[in-house]
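Residue-level listing of the chains:
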Amino acid sequence: MGTVPTRILVTGALGQIGTELVESLRDKYGEESVVSTDVRESENCMQLDVMDAKRIEDLVQSKGITDIYHLAALLSATGEKNPDLCWRINVDGLVNVISAAKKYGCRLFSPSSIAVFGPDCPKHAPQVTGLSPATVYGKTKVVGEHLAMTSGIDMRGLRYPGLISWKAPAGGGTTDYAVEIFHAALSDGHYDCFVRENTRLPMMYMDDAIRATLELMEAPFDSLGTARGGYNITGCSFTAGELVDSIRRHIPDFTCSFKPDVRQNYADSWPDSIEDDVARNEWGWMPKFDLDKIVDEMVENLQ
Ligand code: NAD
Ligand code: AKB
């Protein structure tokens, strides 16, 4: 008997990650093998609300789906404004997807986040540590990691840091300043940054994040240990002030004011940097983009 061809369902495909992940999955598996869906209507994307368990099952069955990349979620800042909705979409939506994956034997990728860590975590976050997130969003990600290990399916996840990209806007998170700043620098020469200058957070360029996702999903199941639901992965780590300095290498007159709002509290509850030995050892993770390389790419592409 031949192997079943890979057929992929992507939820939340119109977001910051989905915009680029769908492209990469189509390059790898073929245009027709990837079914792109989102709750928002769009020309090249089917409409799918992850709260609709029956429709998820129908799509998985009718399209012969083998792998699901579940990106539909509310991020930290939007989630704190709508905590009940955040819980429903991030947890109940995931439960619906897991249920369809279980019924039809699909593999599942579901992202976690550095938001699983709370104020008690060491500033250089180890893979294994107490997880006491300060945000509802972080709590939903802890539940997701737990479900990955207990739901009885091949489910994998990464604790993505703040992701920096130019093809789609950032979607309502605390780390959005590290994307918005480039648009403001190029259009206005000025940015009002909503975290303090000395705020240091783990960040990653989207190319690294997409590559990590594909590499994790290519790894043999048996090579993955107890971090399978949420691997720590490092890209780089920098303060908002260091980001401004790096942008000034391209735009010397760029100015930035620091006006912290409520998102400062979420940023302060997250670690400065991430220890990713487990990902490196189990499936060979290695980042390629440091701060200056990210800034060079962002400025070049947005110009
Ligand atoms: P995003 O907000 O840009 O995109 C999420 C998408 O989900 C949007 O297109 C939205 O329309 C869709 N969506 C919302 N509710 C939905 C519903 N009920 N049904 C179907 N679709 C719905 O987010 P993103 O940055 O692409 O993040 C994707 C995943 O990665 C999320 O789980 C997020 O928590 C995780 N993550 C992202 C980052 C980051 O920096 N971007 C970092 C860590 C983890
Ligand atoms: C957010 O800021 O909410 C996201 C994340 C780190 O999970 N970018």
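Residues numbered from 1 in each chain as written. Chains lettered and ligands numbered in written order. Predicted model: local features only at pLDDT ≥ 70, side-chain atom pairs only at ≥ 80, totals over all residues. Heavy atoms only, no water.

Asks: What exactly am I supposed to notice about the side chain of Thr239 here?
Replies: Residue position: Thr239 is located in strand E14 (residues 236–239). The contact partners of Thr239, leaving out residues within four places of it in the chain, are Glu197, Asn198, Thr199 and Arg200. (Helix = DSSP H or I, 4+ residues; strand = E, 2+ residues; numbered from the N terminus. Contact = heavy atoms within 4.5 Å.)

Asks: I would appreciate a short explanation of the domain arrangement of the protein in the present structure.
Replies: Many descriptions give the size of an interface as the accessible area lost when the pieces come together. By domain assignment, the protein separates into domain 1 (8–160 + 204–232) and domain 2 (163–202 + 235–302). A separation of 22 Å is found between the C-alpha centroids of domain 1 and domain 2. The interface is formed by 43 residues belonging to domain 1 together with 40 residues belonging to domain 2. Together domain 1 and domain 2 conceal approximately 3,600 Å² of surface at their shared face, both sides included; 60% is due to carbon and sulfur atoms. Of all residues in domain 1, Gln16, Met204 and Tyr205 give up the largest surface area on contact with domain 2, accounting jointly for 23% of the area buried on that side. Taken together, the connections running from domain 1 to domain 2 amount to 21 residue pairs in polar contact (both at pLDDT 80 or more). Sorting the residues of the side of domain 1 that touches domain 2 by element identifies helix H1 (16–29), helix H3 (76–81), strand E7 (124–125), strand E9 (158–160), strand E12 (200–205), helix H7 (206–218) and strand E13 (231–232) as the ones contributing at least two each. (Domains from an automatic or database assignment. Buried area = accessible area lost by both parts, 1.4 Å probe. Polar contact = N/O pair within 3.5 Å; in protein donor to acceptor, adjacent residues only side chain to side chain.)

Asks: Would you mind going over the site of ligand 1 with me for this structure?
Replies: Around ligand 1 lies a shell of 26 residues, among which Gln16, Asp38, Arg40, Tyr137 and Lys141 are the nearest. Take Arg40: an N or O atom from its side chain is 2.7 Å from an oxygen atom of ligand 1. A distance of 2.9 Å is found between an oxygen atom of ligand 1 and a backbone nitrogen or oxygen belonging to Leu163. Its free accessible area being 820 Å², ligand 1 has 93% of it covered by the protein chains. Of all the secondary-structure elements, those providing two or more residues to the shell around ligand 1 are H1, strand E6 (112–113), helix H5 (136–150) and strand E10 (162–164). (Near = heavy atom within 4 Å. Areas by Shrake-Rupley, 256 points an atom, 1.4 Å probe, with all protein chains shown as cover.)

Asks: So what exactly am I meant to see when it comes to the packing of helix H8 (residues 240–248) against helix H11 (residues 291–302) here?
Replies: Between H8 and H11, the shortest axis-to-axis distance is 9 Å and the interhelical angle comes to 55 degrees. Looking at the two axes, H8 sits oblique to H11. Between H8 and H11 lies a crossing of right-handed hand. Where H8 approaches H11, its residues Glu242, Leu243, Ser246 and Ile247 are matched on the opposing element by Leu291, Asp292 and Val295. Of the residues in the contact of H8 with H11, the class split is 4 nonpolar, 1 polar and 2 charged. (Axes fitted to C-alpha atoms, helices over the stretch in contact; angles between N-to-C directions. Parallel < 35°, antiparallel > 145°, perpendicular 65-115°, else oblique. Left-handed = near helix turned anticlockwise from the far one by under 90°. Nonpolar A, V, L, I, M, F, W, Y, C, P; charged D, E, K, R; others polar.)

Asks: What is the right way to look at the sheet that holds E14 in this model?
Replies: Whenever strands of a sheet pair, they do so through backbone hydrogen bonds, lying parallel or antiparallel. In spatial order, the strands read E10-E12-E14; together these 3 strands make up an open sheet with mixed pairing. Two strands in the sheet have a free side with no partner beyond their single neighbour: E10 and E14. Across the sheet, the mean angle from the axis of one strand to that of its neighbour is 45 degrees, orientation sign disregarded. Against the sheet, H7 contacts E10 and E12, and its axis sits at roughly 70 degrees relative to E12. (Pairing = 2+ DSSP bridges.)

Asks: Sorry if this is basic, but what is going on with the pattern of salt bridges here?
Replies: Oppositely charged side chains may form a pair once their charged atoms are brought near each other. For the coordinates displayed, the defined rule picks out 20 salt bridges. For the salt bridge of Arg156 with Asp154, the shortest nitrogen-to-oxygen distance reads 2.8 Å. Each of the two residues, Arg156 as well as Asp154, counts as buried. When the shortest N-O distance is used, the salt bridge between Asp292 and Arg249 registers 3.5 Å. Highlighted residues: Asp292 in helix H11 and Arg249 in the loop between H8 and strand E15 (255–258), separated in sequence by 43 residues. Under the relative-accessibility criterion, Asp292 is labelled partly exposed at 34%. Among the residues examined, Arg249 registers a relative accessible area of 43% and is labelled partly exposed. When salt bridges with common partners are traced through the structure, they connect Asp67, Arg107, Asp154 and Arg156 into a single cluster. (Salt bridge = Lys/Arg side-chain N within 4 Å of Asp/Glu carboxyl O. Buried < 20%, exposed > 50% of the residue type's maximum accessible area, 1.4 Å probe, protein only.)

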